[in-house]
Amino acid sequence: TTLRAVLSVPSFLLLAVAYLLASNVWQQLNFFLPLHFYEHYQTKLAEAGLLSTLAPQIGTVVGLFLGGMLADRWARHWLGGRFGVQILGLSLTVPALLAIALVDSQIVIQIALFVCGIGFWLYLSNLWATTFEVVDPAARSTAIGLLNVIAGLLGSWPYLVVGQLRDAGLITDLRNVFVVFVAVLCLAIV
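Below is a summary of the structure that appears in this document. Since the model is a prediction, treat every value here as computed from it, not as a measurement.

### Focus: the overall build of the protein chain
Move 1: Looking only at helices and strands, the protein chain features nine helices and zero strands.
Move 2: Its helices and strands taken in sequence order, the protein chain reads α-α-α-α-α-α-α-α-α from the N to the C terminus.
Move 3: A globule of 190 residues ought to have a C-alpha radius of gyration of about 16 Å, and the protein chain, at 17 Å, matches this closely.
Move 4: Considering only C-alpha atoms, the protein chain reaches an extent of 50 × 35 × 25 Å along its principal axes.
Move 5: Across the 190 residues of the protein chain, 43% fall into the buried class.
Move 6: Considering only intrachain contacts with a sequence separation of at least 6, the fraction spanning at least 24 residues in the protein chain is 76%.
Move 7: Working note: accessible area of the protein chain is about 9800 Å², and carbon and sulfur atoms make up 71% of it.
Move 8: In the protein chain, which carries 8 positive and 8 negative side-chain charges, the distance between the mean positions of the two groups comes to 10 Å.

Have a look at this one:
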């Protein structure tokens, strides 16, 4: 009964699809960035790991604090305030991802990764709260469980696709994958 109650809420289903798309982009970006730095910039693996994690993690901290404070403020004046912060976060991430894909400067990429960290966590810091606003309070835990199951089960296959395409020689530059991430994130925003 609880599962049916959650799945019958159209706005929850839209939140779930957006979360599936956005979380998949964030996970794959984090997964493929070290390899990108290693292959494209010929960095050592330890340096590639540092370059791909430090800036976005700093952005994550900023995004978490800013996302909570901004959403609480906006929600006082606007019913869709938390959702607005989520859209703002993903909208900030799109040009940053585009810079990662198209710009060939490690400094610009580090700034873009910092912005990605802020943007994704503006979005993610409000996901549960926006979900709680659209589902029955008695079904909140089920709704969050469903979000994680959907993202976990359906979000794992793109890694396989990218890996198979690389093995087949159809993807030789991960920047092309990052451009696809931009399109997927735009779809999540819509």
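### Things to note about unusual backbone geometry
Move 1: Of note, Gln-42 is a non-glycine position whose phi angle comes to about 50°, a positive value.
Move 2: The topology assignment puts Gln-42 in the loop between α2 (10-40) and α3 (45-77).
Move 3: When its relative accessible area of 61% is taken as the criterion, Gln-42 is described as exposed.

### Here we look at the packing of aromatic side chains
Move 1: Applying the stated criterion across every chain, the model contains eight aromatic pairs.
Move 2: With a centroid separation of 6.1 Å and an interplanar angle of 45°, the aromatic rings of Trp-74 and Trp-78 are classed as tilted.
Move 3: A relative accessible area of 28% means that Trp-74 is categorised as partly exposed.
Move 4: Here the aromatic rings of Phe-178 and Phe-181 are separated by 5.8 Å at their centres, their planes lie at 40°, and the arrangement is tilted. Note that Phe-178 and Phe-181 are positioned in helix α9 (residues 174-189) at a spacing of three residues, about one turn of the helix.
Move 5: Assessed through its relative accessible area of 4%, Phe-181 is described here as buried.
Move 6: Among the aromatic side chains, those forming a connected cluster through ring pairs are Phe-31, Phe-32 and Tyr-159.

### Brief notes about the pattern of salt bridges
Move 1: Under the criterion given, the structure shown has five salt bridges.
Move 2: Among the salt bridges present, the one from Glu-133 reaches Arg-82, with a minimum N-O distance of 3.2 Å. Placement of the pair is Glu-133 in helix α6 (residues 127-134) and Arg-82 in helix α4 (residues 81-102), with a sequence separation of 51 residues.
Move 3: Linking Arg-175 and Asp-173 is a salt bridge whose minimum nitrogen-to-oxygen distance equals 2.7 Å.
Move 4: You can call Asp-173 buried: its relative accessible area is 18%.
Move 5: Through salt bridges with shared partners, a single ionic network connects Asp-72, Arg-82 and Glu-133.

### Examining the nonpolar core
Move 1: Within the largest apolar cluster, 49 residues are counted, with the highest numbers of intra-cluster contacts made by Phe-12, Leu-29, Leu-97, Ile-100 and Phe-178.
Move 2: Listed by contribution, the elements that provide at least two residues to this core are α2, α3, α4, α5 (106-124), α7 (140-154) and α9.
Move 3: With 12 residues, the top contributor of residues to this core is α2.
Move 4: Discounting residues that sit within four places of it in the chain, Ile-100 has contacts with Leu-33, Ile-109, Ala-112, Leu-113, Cys-116, Arg-175 and Phe-178.

### Things to note about α5
Because each turn of an α-helix spans 3.6 residues, side chains separated by three or four positions in sequence point in the same direction.
Move 1: A rise of 1.5 Å per residue sets the reference length of α5, with its 19 residues, at 27 Å; its end C-alpha atoms lie 26 Å apart and thus fit the reference within 8%.
Move 2: If you check which residues of α5 are buried, you get Ile-109, Gln-110, Ala-112, Leu-113, Cys-116, Gly-117, Ile-118, Gly-119, Phe-120, Leu-122, Tyr-123 and Leu-124.
Move 3: The inward-facing, buried residues of α5 abut α2, α3, α4, α6 and α9.

### A look at the environment of Val-9
Move 1: With respect to the secondary-structure elements, Val-9 resides in the loop between α1 (2-7) and α2.
Move 2: Along the backbone, Val-9 and Asp-136 are 127 residues apart, and their C-alpha atoms lie at a distance of 9.3 Å.

Reading the values: the criteria
Residues numbered from 1 in each chain as written. Predicted model: local features only at pLDDT ≥ 70, side-chain atom pairs only at ≥ 80, totals over all residues. Heavy atoms only, no water. Helix = DSSP H or I, 4+ residues; strand = E, 2+ residues; numbered from the N terminus. Rg over C-alpha atoms; globule rule 2.2 N^0.38 Å. Buried < 20%, exposed > 50% of the residue type's maximum accessible area, 1.4 Å probe, protein only. Contact = heavy atoms within 4.5 Å. Areas by Shrake-Rupley, 256 points an atom, 1.4 Å probe, with all protein chains shown as cover. Lys, Arg positive; Asp, Glu negative; His and termini not counted. Charge placed at Lys NZ, Arg CZ, Asp CG, Glu CD. Phe/Tyr/Trp six-rings, centres within 6.5 Å; stacked < 30°, edge-to-face > 60°. Salt bridge = Lys/Arg side-chain N within 4 Å of Asp/Glu carboxyl O. Core = buried A, V, L, I, M, F, W, Y, C linked by side-chain atoms within 4.5 Å. Expected span 1.5 Å × (residues − 1).

Read these as spatial facts, not as claims about activity.
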